[in-house]
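Single-letter residue listing:
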Amino acid sequence: MTVDFLEFLKKIRGKFAFVATYDFDSHFFERRILPTPAFDGATVIVFIDNDRYRDILENNKQGQGFDRNYFVIPISRTGGVFHPKLYLSIGEEKVIASVGSNNCTSAGTGHNFELISTLESSSGDDRNANAPLIASIFRQFQRYAQEAGPVSKWLKKDIFDRLENAFSWLGDADVSTQDIELLSSHDGPLWPQIVARMSNTDVRKVVMLAPFFDSNLRMVERIRALFPTATIQIVSQSGYSNLPVERFVELRDSIGDLELISATSKKAGRKMHAKALAFQTPESTYWLAGSANMSNAALSGGNSEACLWFATKQNAAGALKQDDLKFAKIEPERFMSVAIAEPAPPVQEPHGLKLQSLVLTEEGQLLATSAIPADATDLSLRIFKRGDTLPTLSWNLGVEKADFVLALKDDDQAKFDQPAVGQLRAMLYGCEVKSQLCSVKQLPRLLRDRGGGSAAANRLQRVIESGDGLIEYVDALGGIDEAIDFINRTNIRFHDGAISGSGGFGRWRARDPFSGDVPEHWAIGSSGASVAELREAIWEFVQRHIRTRLERHVDRGNLGGLANFLDIFRSVSQFLLAWHNRQINDQVVISAPFVTTGLQDILATLIGAFEDQLEQPGYGRSIIASLSADEGLVRAELNRHRVPAIVRAIVDEIIRTRAIYRKLPIFDAWSQARRDWVSSWIDEMQLEVPDDADVIEIGSELRITA
């Protein structure tokens, strides 16, 4: 059956929640997973692969709650990667869990074809047959927590021990006698576990479903050696698979009974990311389904994977049948393989200077664990707030031990008001070396007692402060009537008192690129409000914010309002585009002419009216007029906030929307006039020519529809 994973997370009010994932999108997690009842108000721990963790920090991809509202624990593997996909939420009355192939990303939850097994049970005495399996998933998270470094003692004392005291069944013994088992490769490969269960079994067919394989198809050879007479089928998606076709042909010709099945989506752009290994016998089909690709690293190597082992009476073809997927035999030469490398462990830094953990305790101490080369000198530690290039705190370290403690003053503790990272710096053989970044785990916030429902209040506060999360908040309402009422009475706060603003952080920051279509429950929740009334409310919301917020910034001309201006500018632009791409009862909510007119009106508040800039000069010129002696400062701030790329992205959306609606080319006189309008303003303001990558990134965010 098809599962809406976000709907599944609404089945419980969680007190503690856990995620294990290879890839992790912090912004998506905060917009989509955290607001669900399973996570809202819960103490949350997320375990991710160490290399993906480093990528998040190096590219400044942390969300607002990263290591402040939820733990993010990197797990390293020798000779492999941390690759499970497990979710668990435990509440006072109920517990839910899932084992699957879905990373904690917008693609994994909203777009890809994934294979996910969901489980639920009472957490009390009336538990069902799923409880022992859920307990084994809980113990797997316990096992991961043992590798959390110094913070592991807090995880044990404040989370895992509390849960076992409250729900003793979570610590119950082995569940190997159950019909369905959790198999993990964290402490040993999966393949020997499979062999122990399937040797001396009459297997007639083996089906290998996955997007990724190793270059020599070693697992095909292992399967053939174990089952010499079985037919082997490889099922994968042409154009989204690294299947080595030439090696496949070699094996087909040498071992025989090797078939290739193409899995094709009926909807363009969707990717088949499911992973499963099926062994068909005359009586049953035995399955390994979860995170493991059909590669040597996943099944026999050093990866940490998590899968379910179970049996069905249905064969593989019947179990995998899905209305939106077409399965058909394909000749290898027609299968398009792509150069996608299977996840591999990162190369270690050659200098050996490492900052392995930073923990801010409730006592105001900063606990550091590191590796320091013996010849290192002039060692120092720097702390950076999220998005900052200049340090907030720094210390010269006279320590010789790798583990050290810094006692913080009250004023220094107060500086940890958002996610922060640390970095060691030293001199080694006459050269400056730096460690990789390490996130600061802020225990006073992470371990605080949480009341259910706090996340909803926080989301509303973000909407009011900056417009952040506006679309998601409206989606979560009960129907069209509630949406109209909310849109009509909600205004994003006006602020121009300080350059930092209410949501600036120095640049246009990426937000969650995933937003679902009109929620299905709206058709049920609506008491009769029409699409026309919703359209009117959205249009009035946009025009109201142009009049009372954006044009007010133009009139005041304060540089300190730039961050707030851009927050509102972005939010109303996204709101128009999101509802342009949605239909209710086969009616487009916001038609293309409204979008092009609205976006042009919004853009005019920043760069001046299209044809009458003397009458409506725009916010940029207004700031210059107010700070005529500091034009260099104004230009620096506009460039720092990527304003040239923003205006280019907006005009591209105007042109694109019109071209699709009217079936016109994107290069005509009308379109060129709008491009010239933007280019002339950038030249006149003497701003940097925008980078194409920035324009594409911002444009992608503006189109915040699934």
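Before any of the text, the structure's been laid out above.
As the structure is a prediction and not an experimental result, all values here were calculated from the model.

Reading the values: rules and limits
Per chain, residue numbering runs from 1 following the sequence as it is written. For a predicted model such as this one, the threshold for reporting local features is a pLDDT of at least 70, and the threshold for listing and counting side-chain atom pairs is 80 or more; totals across whole chains, interfaces and linings nevertheless cover every residue. Calculated side-chain values reflect all of the structure's heavy atoms, with hydrogen atoms and water omitted. Numbering of helices and strands starts at the N terminus; helices are DSSP runs of H or I of at least 4 residues and strands are runs of E of at least 2. Note on classification: 1.4 Å probe, protein chains only; a residue is buried when its accessible area is under 20% of the maximum for its type, exposed when over 50%, partly exposed between these limits. Whether two residues are in contact is decided by their heavy atoms, any of which lying within 4.5 Å being enough. For two strands to count as paired, DSSP must find a minimum of two bridges between them. For helices, the fitted axis covers only the stretch in contact; all axes are lines through C-alpha atoms, and the angles between them, taken along N-to-C directions, range from 0 to 180 degrees. Aromatic rings from Phe, Tyr and Trp, with only the six-membered ring used for Trp, were paired whenever their centres fell within 6.5 Å, and each pair was classed as stacked if the ring planes differed by under 30 degrees, edge-to-face if by over 60, and tilted otherwise. Buried Ala, Val, Leu, Ile, Met, Phe, Trp, Tyr and Cys residues form a nonpolar core when they are joined through side-chain atoms within 4.5 Å. By definition in this entry, angles of less than 35 degrees are roughly parallel, angles greater than 145 are roughly antiparallel, angles of 65 to 115 are roughly perpendicular, and the rest are oblique. By convention, the crossing between two helices is left-handed when the near helix turns anticlockwise from the far helix through less than a right angle, and right-handed when the turn is clockwise. Distance and chemistry together define a polar contact, namely a pair of N or O atoms within 3.5 Å, with one atom able to donate a hydrogen and the other to accept it when in protein, and with adjacent residues in sequence counting only for side-chain atoms on both sides.

Visitor: Residues and numbers for the environment of Phe-404, please.
Guide: Relative to the helices and strands, Phe-404 is located in strand β19 (residues 403-407). Judged by relative accessible area, Phe-404 falls into the buried class, the value being 6%. Separated by 35 residues in sequence, Phe-404 and Thr-369 place their C-alpha atoms 6.8 Å apart. With residues up to four places along the chain from it excluded, the contact list for Phe-404 reads Leu-366, Leu-367, Ala-368, Ser-370, Leu-381, Leu-397, Val-399 and Leu-424.

Visitor: Pulling in residues and values, what's your account of the sheet that holds strand β12 (residues 285-290)?
Guide: Here we have eight strands laid out as an open sheet, ordered β7-β13-β12-β11-β8-β9-β10-β14, and mixed in their pairing. Edge positions in the sheet fall to β7 (181-184) and β14 (325-329), since each has one partner strand and no second. For this sheet, the mean angle separating the axes of adjacent strands, direction not counted, is 20°. Two elements, strand β8 (residues 205-209) and strand β9 (residues 231-236), share five bridges in a ladder whose sense is parallel. Across the sheet, the residue bridging to Met-208 is Ile-234, located in β9.

Visitor: Residue-level account of the sheet that holds strand β3 (residues 71-75), with values.
Guide: An order of β3-β2-β1-β4-β5-β6 is seen for the six strands of this open sheet, with the pairing classed as mixed. The open sheet terminates on both sides in strands that have one partner only, identified here as β3 and β6 (116-122). Geometrically, the sheet is characterised by an average inter-axis angle of 10° between neighbouring strands, direction not taken into account. Here strand β5 (residues 94-100) runs beside β6; their pairing, made up of seven bridges, is antiparallel. Bridging from a neighbouring strand, Val-99 pairs with Ser-117 of β6. Packed onto the sheet, helix α3 (residues 50-58) meets β2 (43-49) and β3 and runs at close to 105° relative to β2. In this fold helix α5 (residues 131-145) packs onto β1 (14-21), β2, β3, β4 (86-91), β5 and β6, with an angle of close to 110° to the strand it touches most, β4.

Visitor: So, the packing of aromatic side chains: which residues are in play, and what are the values?
Guide: Summed over all chains, the structure comprises 27 aromatic pairs. Ring geometry for Phe-610 against Trp-677: centres 5.3 Å apart, planes inclined by 75°, an arrangement best described as edge-to-face. Taken as a pair, Phe-610 in the loop between α20 (592-607) and α21 (619-626) and Trp-677 in helix α24 (residues 669-684) lie far apart in primary sequence, 67 residues in all. Grouped by ring-pair contacts, the aromatic residues Phe-18, Phe-47, Phe-82, Phe-138, Phe-141, Tyr-144 and Phe-160 constitute a single cluster.

Visitor: An account of the nonpolar core is requested, with residue identities and associated values reported.
Guide: Among the nonpolar cores identified, the biggest contains 65 residues, and Leu-534, Phe-569, Phe-575, Ile-602, Leu-603 and Val-647 are the most heavily contacted of them. Ranked by size, the runner-up nonpolar core spans 58 residues in total, among them Tyr-144, Ala-145, Leu-320 and Val-359.

Visitor: I'd like a rundown of the packing of helix α18 (residues 531-556) against α20, residues and numbers included.
Guide: Contact geometry for α18 and α20: axes closest at 9 Å, N-to-C directions at 15°. As the angle between them shows, α18 and α20 are arranged roughly parallel. At the point where α18 passes α20, the crossing takes the left-handed sense. Note on element contacts: α20 touches α18 through Phe-594, Thr-597, Gly-598, Asp-601, Ile-602 and Thr-605, opposite Arg-535, Trp-539, Val-542, Gln-543, Ile-546, Leu-550, Glu-551 and Val-554.

Visitor: Run through helix α22 (residues 631-640), naming residues and quoting values.
Guide: Regarding α22, the residues found buried are Val-634, Arg-635, Glu-637, Leu-638 and Asn-639. As for α22, its buried residues are in contact with α19 (562-580), α21 and α23 (643-662). Looking one or two residues past α22, Arg-642 carries a phi angle of roughly 60°, positive in sign.

Visitor: Describe the side chain of Ser-262, and please don't skip the residues or the numbers.
Guide: Assignment of secondary structure puts Ser-262 in strand β10 (residues 258-265). For Ser-262, a relative accessible area of 8% corresponds to the buried category. One polar contact links Ser-262 to Thr-264, side chain to side chain, over a distance of 3.3 Å. Excluding residues within four positions of it along the chain, Ser-262 makes contact with Ser-236, Ser-238, Lys-326, Phe-327, Ala-328 and Ile-330.

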